[in-house]
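Residue-level listing of the chains:
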Amino acid sequence: MPSLIPQHSALDTSSWWNGITRYQWLVLFVAWLGWVFDAMDATIYAIVLHPALHELLHTPAGPASPEQIGWYGGIIFSIFLIGWAIGGIAFGIAADRFGRTKTLIATILIYAVFTGLAALSQDWWHLAIYRFLTALGIGGEWAAGAAIVAETWPEANRAKAAGILQSAWAVGFFLAAAFNLLLKGSSWRLLFLIGIAPALVALLVRFWVKEPERWTQAQAHAAIPLSTIFSGRLKRATWVGSALAFVAVFGLWGSTNWAPTLIRELPDLKGADQAAVAASVSYAIMALNAGAIFGYLGFGPLADRFGRRPVFAFMCLGSLIMLPATYLLPTSYVGVLLLLPVLGFFNNGIFSGFPIYLPELYPTRLRATGAGFCFNAGRIFASASPFLTGWLVNALGSFNQAASTVALIYLVGLVVLWFAPETRGKPLPE
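What you are looking at is a predicted structure, and each value in this text was computed from that prediction instead of being measured.

Draft legend 1. A look at the nonpolar core. The biggest cluster of nonpolar side chains holds 140 residues, and the ones touching the most others in it are Trp-84, Trp-142, Phe-351, Phe-354 and Leu-358. The biggest single contributor to this core is helix α1 (residues 22–56), with 20 residues. Here Trp-142 is in contact with Trp-35, Asp-38, Gln-166, Phe-354, Pro-355, Leu-358, Ala-371, Gly-372 and Phe-375, once residues within four sequence places are set aside.

Draft legend 2. View of the pattern of salt bridges. In total, this model carries 10 salt bridges according to the counting rule given. Between Arg-214 and Glu-155 there is a salt bridge whose closest N-O contact spans 2.7 Å. Remark: Glu-155 occurs in the loop between α4 (124–152) and α5 (158–183) and Arg-214 occurs in helix α8 (residues 213–218); sequence separation between them is 59 residues. The exposure class assigned to Arg-214 is buried, which follows from its relative accessible area of 18%. In this structure Glu-155 comes out as partly exposed when scored by relative accessible area, which is 31%. Members of the salt-bridge network, linked through shared partners, are Glu-155, Arg-158, Lys-160, Arg-214, Asp-304, Arg-308 and Glu-360.

Draft legend 3. Region of interest: the packing of aromatic side chains. Within this structure, the stated rule accounts for 21 aromatic pairs. Ring centres of Phe-312 and Phe-354 lie 5.4 Å apart, and the angle between their planes is 50°; on these two criteria the pair is classed as tilted. Taken as a pair, Phe-312 in helix α12 (residues 308–328) and Phe-354 in helix α14 (residues 353–357) lie far apart in primary sequence, 42 residues in all. Phe-354 carries the same exposure label as Phe-312, and that label is buried. Centre to centre, the rings of Phe-351 and Phe-375 are 6.3 Å apart; their planes meet at 85°, and the pair counts as edge-to-face. Of this pair, Phe-351 sits in the loop between α13 (333–347) and α14 while Phe-375 sits in helix α15 (residues 367–382), and the two are 24 residues apart along the sequence. By relative accessible area, which is 5% here, Phe-351 ends up buried. Phe-375 sits in the buried class, given a relative accessible area of 1%. Clustering of aromatic rings is evident, with ring pairs tying together Trp-142, Phe-299, Phe-312, Phe-351, Phe-354, Tyr-357 and Phe-375. If you follow Lys-210 out to its NZ or CZ, it ends over the ring of Tyr-23, 5.2 Å from the centre.

Draft legend 4. Quick peek at a nonpolar patch on the surface. Together, Phe-29, Leu-200, Leu-203, Phe-207 and Trp-208 make up a nonpolar patch on the protein surface, roughly 570 Å² of accessible area in all. Per-element accounting of the nonpolar patch gives the leading share, four residues, to helix α7 (residues 199–208).

Draft legend 5. Focus on empty space enclosed by the protein. In total, this model carries four cavities of 30 Å³ or more according to the counting rule given. Computed from the structure, the largest cavity encloses a volume of approximately 70 Å³. Taken together, Trp-35, Trp-84, Gln-166, Trp-169, Leu-252, Trp-253, Tyr-296, Asn-348, Phe-351, Phe-375 and Arg-379 make up the full set of residues lining the largest cavity. Contributing elements (two or more residues each) for the lining of the largest cavity: α5, α9 (234–254) and α15. Class assignment of the residues belonging to the lining of the largest cavity gives a composition of eight nonpolar, two polar and one charged.

Draft legend 6. Fine view of the layout of surface pockets. In this structure, the largest pocket encloses a volume near 360 Å³. Around the largest pocket sit 20 residues that line it, and His-50, Pro-51, Arg-264, Gln-274 and Val-277 are the ones nearest its centre. For the lining of the largest pocket, the elements supplying multiple residues, two or more each, are α1, α5, α6 (188–194) and α11 (274–306). Counting residues per element, the lining of the largest pocket draws most heavily on α1, at five residues. Considered class by class, the residues forming the lining of the largest pocket number 10 nonpolar, seven polar and three charged.

Draft legend 7. Structural context of the packing of α12 against helix α18 (residues 409–416). Contact geometry of α12 with α18 gives a least axis separation of 9 Å together with a crossing angle of 165°. Judged by the angle between their axes, α12 and α18 are roughly antiparallel. Crossing geometry of α12 relative to α18 is assigned as left-handed. Along its contact with α12, which presents Ala-313, Cys-316, Leu-317, Ser-319, Leu-320 and Leu-323, the element α18 presents Tyr-410, Leu-411, Gly-413 and Leu-414.

Draft legend 8. Representation of α7 within the structure. Along α7, the residues that are buried comprise Val-201, Ala-202 and Val-205. Here the buried residues of α7 occupy an arc of 110° about the axis, which is enough to place them on one side. More than 90 degrees from the buried face of α7, the exposed residues found are Leu-200, Arg-206 and Phe-207. Where the residues of α7 are buried, they touch α1 and α3 (100–117).

Draft legend 9. Examining helix α2 (residues 66–98) more closely. The terminal C-alpha atoms of α2, which comprises 33 residues, lie 46 Å apart, in line with the 48 Å expected from a rise of 1.5 Å per residue. Among the residues trailing α2, Gly-99 stands out with phi positive, at a value near 125°.

Draft legend 10. Quick peek at the confidence of the model for the protein chain. With 93% of its residues at a pLDDT of at least 70, the protein chain reaches an overall mean of 84. Mean pLDDT across the elements of the protein chain ranges from a minimum in helix α16 (residues 384–396), with 75, to a maximum in α18, with 95. In this model residues 1–13 is a low-confidence stretch, pLDDT under 50, and it forms 15 contacts with partners more than four residues away in sequence or in other chains.

Draft legend 11. Highlighting the environment of Lys-102. Mapped onto the secondary structure, Lys-102 falls in helix α3. Using a relative accessible area of 52% as the deciding quantity, one classes Lys-102 as exposed. For the pair Lys-102 and Ala-202, spaced 100 residues apart in sequence, the C-alpha to C-alpha distance is 9.5 Å.

Draft legend 12. Expanded view of the environment of Arg-233. For Arg-233, the location among the structural elements is in the loop between α8 and α9. Between the alpha carbons of Arg-233 and Ala-119 there is a distance of 46 Å; along the sequence they are 114 residues apart. Residue contacts for Arg-233: discarding those within four places in its chain leaves Leu-361, Pro-363 and Pro-429.

So, how was this worked out
- Residues numbered from 1 in each chain as written.
- Predicted model: local features only at pLDDT ≥ 70, side-chain atom pairs only at ≥ 80, totals over all residues.
- Heavy atoms only, no water.
- Core = buried A, V, L, I, M, F, W, Y, C linked by side-chain atoms within 4.5 Å.
- Buried < 20%, exposed > 50% of the residue type's maximum accessible area, 1.4 Å probe, protein only.
- Helix = DSSP H or I, 4+ residues; strand = E, 2+ residues; numbered from the N terminus.
- Contact = heavy atoms within 4.5 Å.
- Salt bridge = Lys/Arg side-chain N within 4 Å of Asp/Glu carboxyl O.
- Phe/Tyr/Trp six-rings, centres within 6.5 Å; stacked < 30°, edge-to-face > 60°.
- Lys NZ or Arg CZ within 6 Å of the ring centre and 35° of its normal.
- Patch = residues over 30% accessible without salt bridge, like charges linked within 9 Å, V, L, I, M, F, W, Y side chains within 5 Å.
- Areas by Shrake-Rupley, 256 points an atom, 1.4 Å probe, with all protein chains shown as cover.
- 1 Å grid on protein atoms, 1.4 Å probe; cavity = no way out; pocket = protein on both sides within 12 Å on 5 of 7 lines; lining within 4 Å.
- Points joined across faces, edges and corners; volume = space filled by probe spheres on them.
- Nonpolar A, V, L, I, M, F, W, Y, C, P; charged D, E, K, R; others polar.
- Axes fitted to C-alpha atoms, helices over the stretch in contact; angles between N-to-C directions.
- Parallel < 35°, antiparallel > 145°, perpendicular 65-115°, else oblique.
- Left-handed = near helix turned anticlockwise from the far one by under 90°.
- Arc of directions from axis to C-beta.
- Expected span 1.5 Å × (residues − 1).
- pLDDT = per-residue confidence, 0-100.

See below:
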């Protein structure tokens with residue numbers, strides 16, 4: 001029986017990039033850069049949630065309470081995830097129908113423009129609308145970017161390229177935190193305005209990236225309806241992929257993305273001035289994503305060595321343990337700061353599996369549609385997670401206990417993986 005391990009194994013780290021052309025690196029860089037700014041614009045809200053809602057919810061009776069911020073903040077998070085899901089599915093279909101590069105350009109422009117417009121918000125529901133429209137572009141950008149990288153890079157190097165692509169998410173977090181640090185928490189509106197910058201990436205896509213040959217050849221055939229991903233052998237792939245994405249998104253947005261708010265509630269930061277708190281939040285996000293980078297880059301080599309399913313299980317188990325360990329055990333800022341990188345490795349690193357695994361489940365004419373649907377359909381259900389966390393804050397009395405309870409979702413992921421097909425060592429289906 002032939003070995004399922006690719007010729008360039010995960011242990012051969014000194015030469016896996018040999019033979020990669022300059023254009024293939026260029027495609028990866030442009031898609032990576034788009035995902036960097038995608039992540040930055042997605043993260044900005046998590047950073048400014050507290051000061052923005054503190055201002056927008058201010059009433060004659062006084063400033064907003066932590067319970068109000070948790071409630072309305074959860075609603076906006078949930079609306080954002082619904083927009084992300086709709087955009088991911090709709091633009092995934094568009095990427096298969098009209099092309100990867102055209103869709104990439106459109107989605108980058110959408111999320112950049114509406115992030116900037118969020119600075120004009122005068123009420124909490126204004127911010128909710130702008131975040132919904134921003135999310136349409138953020139969701140769509142992933143489907144087009146993951147497909148174009150998968151179809152441009154060689155089979156033996158695809159998993160590692162996808163891991164590099166997903167690492168952009170951590171870099172985007174770093175950028176958002178760095179800008180917040182530079183502004184010293186002085187203006188949440190200015191931070192949103194900075195989110196317009198990614199529009200420049202659309203120009204790079206327009207002039208540097210062409211449609212993948214796989215997609216061009218597939219266009220000779222008639223378009224396939226969305227319902228096809230729920231028939232035949234694709235049905236199992238679609239349900240499994242959607243369920244895994246649901247678990248990962250539910251866990252991330254129901255817990256980890258509340259980290260800035262959790263940091264602000266720590267006892268040793270009570271009474272600190274605004275600039276000091278903003279700096280503490282920025283450093284915490286950087287610590288979380290320092291660990292996430294190792295998770296993103298490590299998933300590909302581990303998946304090539306052990307298989308996609310075992311590494312997904314490893315990430316789910318680590319997240320299940322580290323979420324309550326990080327949010328319940330430490331009583332000081334330093335304690336949280338030490339555990340956040342480990343949490344980031346698991347809780348964020350799991351997302352590196354999706355640009356590797358999901359494109360491997362579908363043929364070329366359905367690749368962006370199928371991957372985009374799986375990665376984003378689960379968000380419709382996962383959109384309840386921030387809302388649930390906001391409700392749990394009121395029921396349990398703290399963000400720490402609420403976020404830790406959400407960690408139980410990873411048990412669902414471990415069950416789903418029993419039904420997941422293994423794709424290690426197999427070529428992309430045509």
